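Here are the chains, one letter per residue:
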Amino acid sequence: MIRSTKTHSNQVIPGPTRQDADAAYDSKRFDWPLAHDAERFLREQLQVFLERNTFARSLADRMRQETGTDFFEWIDHLVLSPDAEQHLRETGFLLDEAAETPNGEAVYEHPRATLPRVMLRRGQKQSPSVIALRPESIADFIARHNLVGEPEGEPFSRYRRIAVAQENGSELEAVERHAYRGFVSKPLKSGELEKIVKARELWRTRARAFPNDADGFAAANRILERTIALVGRDLACQFFFEAEREYWEARNRAAWTQKRRQDRLGLGWGNHDHHTFRSSREHFVDLNEFLLKLGFEKRERYYAGAEAGWGAQISEQSVVGIVVFADVDLMPEETGIDFSTTRLPAAPRLGTVGLWVGLHGESFLEAGMHHLEARFDFNLLRDQLKECGVNTMKPFSDFEFLRQAFTEGERWPVRRERAERLLSAGLITQPQFDQFVKEGALGSHLENLQRHGGFKGFNQKSVSVVIAATDPRKQHFKHEPVAA
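It should be emphasised that the depicted structure is a prediction, and the values quoted were computed from it without experimental measurement.

1. Examining the sheet that holds strand 7 (residues 170-177)
And then number 1: Reading across the sheet, the seven strands line up as 2-3-4-1-5-7-6 and stay open at both edges, with mixed pairing between neighbours. Strands with a single pairing partner mark the edges of an open sheet, and in this sheet they are strand 2 (94-95) and strand 6 (159-167).
And then number 2: As paired elements, strand 6 and strand 7 share eight bridges and run antiparallel to each other. Opposite Arg 160, over in strand 7, you have Glu 176 as the bridge partner.
And then number 3: Along the sheet, helix 2 (residues 36-52) contacts strand 1 (75-80), strand 4 (117-120), strand 5 (130-133), strand 6 and strand 7; its crossing angle with strand 1, the most-contacted strand, is approximately 80°.

2. Side note on the packing of helix 6 (residues 192-204) against helix 7 (residues 213-231)
For any two helices packed against each other, one specifies the crossing angle of their axes together with the interaxial distance.
And then number 1: Between helix 6 and helix 7, the least distance of the axes is 9 Å, while the angle of their chain directions is 165°. By the angle between their directions, the pair helix 6 and helix 7 is classed as roughly antiparallel. Viewed along their axes, helix 6 and helix 7 form a crossing whose handedness is left-handed. On the side of helix 6, the interface is formed by Lys 195, Ile 196, Lys 198, Ala 199, Leu 202 and Trp 203, while helix 7 contributes Ala 220, Ile 223, Leu 224, Arg 226, Thr 227, Leu 230 and Val 231.

3. Here we look at empty space enclosed by the protein
And then number 1: Tallied over the entire structure, the rule returns two cavities of 30 Å³ or more.
And then number 2: Taken as a whole, the second largest cavity holds about 30 Å³ of empty space.
And then number 3: Grouping the constituent residues of the lining of the second largest cavity by class yields two nonpolar, three polar and four charged.

4. Let's talk about the packing of helix 6 against helix 8 (residues 233-249)
And then number 1: Where helix 6 contacts helix 8, the axes come no closer than 8 Å and their chain directions differ by 40°. In terms of axis orientation, helix 6 runs oblique to helix 8. Judged by the twist between their axes, the crossing of helix 6 over helix 8 is right-handed. Residues Ile 196, Ala 199, Arg 200, Trp 203 and Arg 204 of helix 6 touch helix 8, and the partners they reach there are Leu 235, Ala 236, Phe 239, Phe 240, Glu 242, Ala 243 and Glu 246.
And then number 2: Grouping the amino acids of the contact of helix 6 with helix 8 by side-chain chemistry returns eight nonpolar, no polar and four charged.

Procedures and definitions
- Residues numbered from 1 in each chain as written.
- Predicted model: local features only at pLDDT ≥ 70, side-chain atom pairs only at ≥ 80, totals over all residues.
- Heavy atoms only, no water.
- Pairing = 2+ DSSP bridges.
- Helix = DSSP H or I, 4+ residues; strand = E, 2+ residues; numbered from the N terminus.
- Contact = heavy atoms within 4.5 Å.
- Axes fitted to C-alpha atoms, helices over the stretch in contact; angles between N-to-C directions.
- Parallel < 35°, antiparallel > 145°, perpendicular 65-115°, else oblique.
- Left-handed = near helix turned anticlockwise from the far one by under 90°.
- 1 Å grid on protein atoms, 1.4 Å probe; cavity = no way out; pocket = protein on both sides within 12 Å on 5 of 7 lines; lining within 4 Å.
- Points joined across faces, edges and corners; volume = space filled by probe spheres on them.
- Nonpolar A, V, L, I, M, F, W, Y, C, P; charged D, E, K, R; others polar.

Structure follows, in structure tokens:
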């Protein structure tokens, strides 16, 4: 049902909703459009806000100069007057009927773009009246900026907020979310904090190295059952990925270098775009089944096939705001099947993904993520990381709407027993065995990404280029960046 879009003086009559759009767009749901008009409108609102709020303007400058990030990418939501409603609808925004608000305000989102949401509020003298940033931890943000006062909402509760700076009718806020898309704080129930602390600890301390990978997946699923029983599916998902980022960061110099830069402003990894896991053919279905239990919905599926030798399932958990890009080796004849549900047999040869897993282990287990992709000002981050001694590879996507590049790969040692298994199976040669054991092999990266036009998708050909460029068999163990 398409709802009336007429607006009366004392009521916002909702227009089309996200549910309406999902039904209308189902057949081409993941053919992502460019939303230049929608992004341009929001950036114009941001510019008006920055002209009124000196704290926000100073913070935007510091974000660029100290972290290589764009203030716009940290915005959780903007508060505008109802006058903006028609323009929002015309540029692709839809009513988010599920969003809980303090006074029944309407919330609009663009379900097919990576853009912040907009709340419409009557009675404000300025528009936008509020812009809310979303750092990973509101306590860290308060501490780094010497803010006075305590945030609304208890620690670890579903929604916390603090007024950061009020000036000329504008208010900069910071918010923290725990598996909640609404805008209303709620106190924790008796005993709930203890359950939250326990659930977080279970993911942070889970064992990752097992003699048999199947045992590792089984152990993780037992923890998943416990954490869901403790805190529910969505919080279990949030805590799982917090732990995954910590584990990856500890194994990647570019990651901890950039994280330290963002932590200086109390931001954390609030700008993450997607998390990439590499999987063996044997356990790819297990990985995707685990994600489904965490509340993920399957999005695009890539069939690169004969040319590139890999495939990927992209999944999204919309409540927590997590996207996973899961890679696996594919044979040419397998591009026509749903390999996220069909168990793949052992392959006669290893592609780039399979070799990486063979040398380092499953991303889901011992190896950890192959990379985290976060949103940056592409050129600024590249230049700033270079000053920190972190080089960047040649971009593998270099479009007006999507720019992507890996930092130079972190080289990990390869355990002899892993290399011996590959050698005995005829999957690597003796010279490759000697080289991997002696020199190690590329392990993980940080990915520098910049989106424009709210583009939500990926470029399959470009991803194929970088997967090929990071194949350990093509590396000559030099220290220069490898051209994509």
